[in-house]
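Each chain is listed here by its residues.
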Amino acid sequence: SNTRRILGVALRDKQSIHIALTGVYGLGRFMAKTVCAKLGLNPMTRIKDIHPTMLHTIGKTVESEYVVQNDLKDQMKSDIMRLVNMRCYRGIRHAQGLPLRGQRTSTNGKTAKKNGRTARQSSGH
């Protein structure tokens, strides 16, 4: 069977539309329901019961109304790079791979430190 997709995200036929939409990076439950409401869809409708042209419309709507998928990832990256280039406190913490929000670091903060380690290696420091 031909897999149905919205913005390159494969959808399972049995899923209801508002859950399937959360597979799109940057769309949560609330936004998914909002999209359904905007297009007059019942959020509980299963993917297999939705006409392909409607799926296309859903994809177009999501793309035009919200920042999702790779655009969102790029935006987040550039937001972080902006902080790093400004050399402000948060930027420095990002660059060093340490927590930015005032958490203690003598103990804990392992996740941020781990993430930082990979970030530093990849950026060639």
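Quick caveat: nothing in here was measured; it's all calculated off a predicted structure.

**A few points about the environment of Cys36**
Logical step 1: Position of Cys36 among the secondary structure elements: in helix α2 (residues 29–38).
Logical step 2: Residue Cys36 is classed as buried on the basis of its relative accessible area, which comes to 0%.
Logical step 3: For the pair Cys36 and His18, spaced 18 residues apart in sequence, the C-alpha separation works out to 7.1 Å.
Logical step 4: Residues contacting Cys36, with those up to four places away along its chain left out, are Ile17, His18, Leu21, Leu41 and Pro43.

**Some remarks on the side chain of Arg93**
Logical step 1: Structurally, the position occupied by Arg93 is in helix α5 (residues 89–96).
Logical step 2: For the buried Arg93, no salt bridge is present, and the opposite-charge side chain at shortest range is Asp79, 19 Å distant.
Logical step 3: When near neighbours in sequence (up to four residues on either side) are disregarded, Arg93 contacts Leu98, Pro99, Leu100 and Thr105.

**Description of the nonpolar core**
Logical step 1: Of all hydrophobic cores here, the largest spans 19 residues; its most connected members are Ile6, Ile17, Leu21, Leu27, Leu55, Ile58 and Val62.
Logical step 2: For this core, the secondary structure elements donating two or more residues are β2 (9–11), α1 (17–20), α2 and α3 (52–65).
Logical step 3: Every residue in contact with Leu55, bar those within four places of it in the chain, is listed here: Arg4, Ile6, Leu11, Ile17 and Ile50.

**Remarks on the confidence of the model for the chain**
Logical step 1: A residue-level look at the chain finds 90% of positions with pLDDT of 70 or above and a mean pLDDT of 88.
Logical step 2: Mean pLDDT across the elements of the chain bottoms out in helix α6 (residues 110–122) (63) and peaks in α2 (96).

About the thresholds
- Residues numbered from 1 in each chain as written.
- Predicted model: local features only at pLDDT ≥ 70, side-chain atom pairs only at ≥ 80, totals over all residues.
- Heavy atoms only, no water.
- Helix = DSSP H or I, 4+ residues; strand = E, 2+ residues; numbered from the N terminus.
- Buried < 20%, exposed > 50% of the residue type's maximum accessible area, 1.4 Å probe, protein only.
- Contact = heavy atoms within 4.5 Å.
- Lys, Arg positive; Asp, Glu negative; His and termini not counted.
- Salt bridge = Lys/Arg side-chain N within 4 Å of Asp/Glu carboxyl O.
- Core = buried A, V, L, I, M, F, W, Y, C linked by side-chain atoms within 4.5 Å.
- pLDDT = per-residue confidence, 0-100.

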